[in-house]
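The chain contents come next:
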Amino acid sequence: MRVYTIGEVLIDFIAKEEGPLNKVTTFEKYPGGAPTNVMVNLSRLGVPSGLISKVGNDPFGKFLLEKLKEENVDVSYVTLDNVHHTGIVFVQLIGASPEFILYRDVAYNYIERKDIDLKVLDDVMLLHFGSVILVQEPSRSTVLYFVEEAKRRGIPISFDVNIRKDLWRENIDEMWKNVEKGLSLADVVKLSEEERNEILEYLGLPKDDFPVLLDEYNIKLLAITRGGKGCKLLLREKSTLKAVGIAPYVVKPVDTTGAGDAFMAAIIAGLYAFDKLNTIDELDIDELEMIGYLQIW
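Residues numbered from 1 in each chain as written. Predicted model: local features only at pLDDT ≥ 70, side-chain atom pairs only at ≥ 80, totals over all residues. Heavy atoms only, no water.

### Quick notes on the overall build of the chain
Okay, step 1: Counting secondary structure elements, the chain contains 8 helices and 13 strands.
Okay, step 2: A globule of 297 residues ought to have a C-alpha radius of gyration of about 19 Å, and the chain, at 18 Å, matches this closely.
Okay, step 3: Buried positions account for 53% of the 297 residues belonging to the chain.
Okay, step 4: For the chain, the proportion of contacts with a sequence separation of at least 24, taken over those separated by at least 6, is 69%.
Okay, step 5: Carbon together with sulfur atoms contributes 49% to the accessible area of the chain, which is approximately 13700 Å² in total.
Okay, step 6: Between the centroid of the 34 positive side chains of the chain and the centroid of its 47 negative side chains there is a distance of 1 Å. (Helix = DSSP H or I, 4+ residues; strand = E, 2+ residues; numbered from the N terminus. Rg over C-alpha atoms; globule rule 2.2 N^0.38 Å. Buried < 20%, exposed > 50% of the residue type's maximum accessible area, 1.4 Å probe, protein only. Contact = heavy atoms within 4.5 Å. Areas by Shrake-Rupley, 256 points an atom, 1.4 Å probe, with all protein chains shown as cover. Lys, Arg positive; Asp, Glu negative; His and termini not counted. Charge placed at Lys NZ, Arg CZ, Asp CG, Glu CD.)

### Here we look at the layout of surface pockets
Okay, step 1: Of the pockets and cavities examined, the second largest pocket occupies roughly 460 Å³.
Okay, step 2: Lining the second largest pocket are 18 residues, with Tyr 30, Pro 31, Asn 37, Val 40 and Arg 44 positioned closest to its centre.
Okay, step 3: Put simply, the parts of the chain that give the lining of the second largest pocket at least two residues each are strand S2 (10–15), strand S3 (27–32), helix H1 (34–44) and helix H2 (59–70).
Okay, step 4: The leading source of residues in the lining of the second largest pocket is H1, at 5 residues.
Okay, step 5: Split by residue class, the lining of the second largest pocket holds 6 nonpolar, 6 polar and 6 charged. (1 Å grid on protein atoms, 1.4 Å probe; cavity = no way out; pocket = protein on both sides within 12 Å on 5 of 7 lines; lining within 4 Å. Points joined across faces, edges and corners; volume = space filled by probe spheres on them. Nonpolar A, V, L, I, M, F, W, Y, C, P; charged D, E, K, R; others polar.)

### Things to note about the pairing of strand S10 (residues 188–192)
Okay, step 1: For S10, a buried count of 5 out of 5 residues is recorded, marking the element as mostly surrounded by other parts of the structure.
Okay, step 2: With burial as the criterion, each face of S10 is covered, one bearing Val 188, Lys 190 and Ser 192 and the other bearing Val 189 and Leu 191.
Okay, step 3: Both strand S9 (residues 157–160) and S10 contribute to a ladder of 3 bridges, which runs parallel. Within the sheet, the bridge partner assigned to Ser 158 lies in S10 and is Val 188.
Okay, step 4: Tracing the backbone out of S9, into helix H4 (residues 172–185) and back to the parallel element S10 gives a crossover that is right-handed.
Okay, step 5: In terms of strand pairing, S10 meets strand S11 (residues 221–225) through 5 bridges, oriented parallel. Opposite Lys 190, over in S11, you have Ala 223 as the bridge partner. (Pairing = 2+ DSSP bridges. Right-handed = clockwise from strand over helix to strand, strands pointing away.)

### Examining the environment of Asn 22
Okay, step 1: Tracing the backbone through its elements, the reader meets Asn 22 in the loop between S2 and S3.
Okay, step 2: For the pair Asn 22 and Ala 273, spaced 251 residues apart in sequence, the C-alpha separation works out to 45 Å.

### Re unusual backbone geometry
Backbone geometry follows two general trends: most residues other than glycine have a negative phi, and most peptide bonds adopt the trans configuration.
Okay, step 1: With omega at 5°, the peptide bond leading from Glu 137 into Pro 138 counts as cis.
Okay, step 2: Here Pro 138 lies in the loop between strand S8 (124–130) and helix H3 (139–152).
Okay, step 3: One non-glycine residue, Asp 275, adopts positive backbone phi at about 55°.
Okay, step 4: Note on placement: Asp 275 falls in the loop between helix H7 (259–273) and helix H8 (285–293).
Okay, step 5: For Asp 275, a relative accessible area of 67% gives the class exposed.

### Digging into the nonpolar core
Okay, step 1: Counting residues in hydrophobic clusters, the biggest one holds 51 residues, and the most contacted among them are Ile 6, Leu 127, Val 161, Leu 183 and Leu 222.
Okay, step 2: Sequence-distant contacts of Leu 127, defined by excluding residues within four places in its chain, comprise Tyr 4, Thr 5, Ile 6, Phe 146, Val 147, Ala 150, Ile 155, Pro 156, Ile 157 and Ser 158.
Okay, step 3: Of all hydrophobic cores here, the second largest spans 40 residues; its members include Leu 64, Val 75, Ile 246 and Ile 268. (Core = buried A, V, L, I, M, F, W, Y, C linked by side-chain atoms within 4.5 Å.)

### Comments concerning the packing of H3 against H4
Okay, step 1: Where H3 meets H4, the axes come as close as 11 Å, and the angle between the chain directions of the two elements is 20°. Judged by the inter-axis angle, H3 sits roughly parallel to H4. In the crossing of H3 with H4, the sense of the turn from one axis to the other is left-handed. Contacts from Arg 140, Leu 144, Val 147, Glu 148 and Lys 151 of H3 reach H4 at Glu 174, Asn 178, Lys 181 and Leu 185.
Okay, step 2: Class assignment for the residues of the contact of H3 with H4 results in 3 nonpolar, 1 polar and 5 charged. (Axes fitted to C-alpha atoms, helices over the stretch in contact; angles between N-to-C directions. Parallel < 35°, antiparallel > 145°, perpendicular 65-115°, else oblique. Left-handed = near helix turned anticlockwise from the far one by under 90°.)

So, in structure tokens, the structure goes:
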């Protein structure tokens, strides 16, 4: 049994020097894609993991498959696309904060139902996805069908809100529709404090009323990243709200690219370690606090 993700896998071209992209001259390539990063981090934490996605039948696709195999991430369900190239993103660092230029119409945007054997669900102990894979058809319909089928079978679902408005610029209303769909399917949700505020504003709720998200979407565990303020974990056991806030170690950040993905992996790894993937709402407060502390390991 493994934790699987269905979503984007791509090449991160990260600028070697700080500054705007029109001034940067040198980049280094790394495997990337938020859900893929989660699986690599899970594998490093000793949790069996796998990826369901699509890469181009090109050198970048082969590079990604090689690197993921080296990280012991199962790529049996990553298909090759002979028409569309492997996804790429350019990352620039301003201070320690990354900014992205992410491209559409790449291989992972074209995952079709025929690419996925539903037998993989027999081996899934949790299924993870994010909102970026929902930007474009046919991947959107394929992913939602697959996640809904997993949900129907009682497989726990985790969802990273991961709002990227630049990808949805033609239709922000469509973005919110799909974010809401992801929230409604998920047992575990990770979002940043900024994303939390945007969702509450979209719902017309005050910013300090975020526990209502648990009830609005029937979320079992809500994890909120708060940058230098650490994180907050909330769950509702029957009618009782459990919440813990974890302060981080104070460090000077150098590069926060992928930090949220490492955090998401730590949450899932904690549930796996406590054998609570199928009984998330039964976490006691000490276990919830220990899972929160995993982010700083």
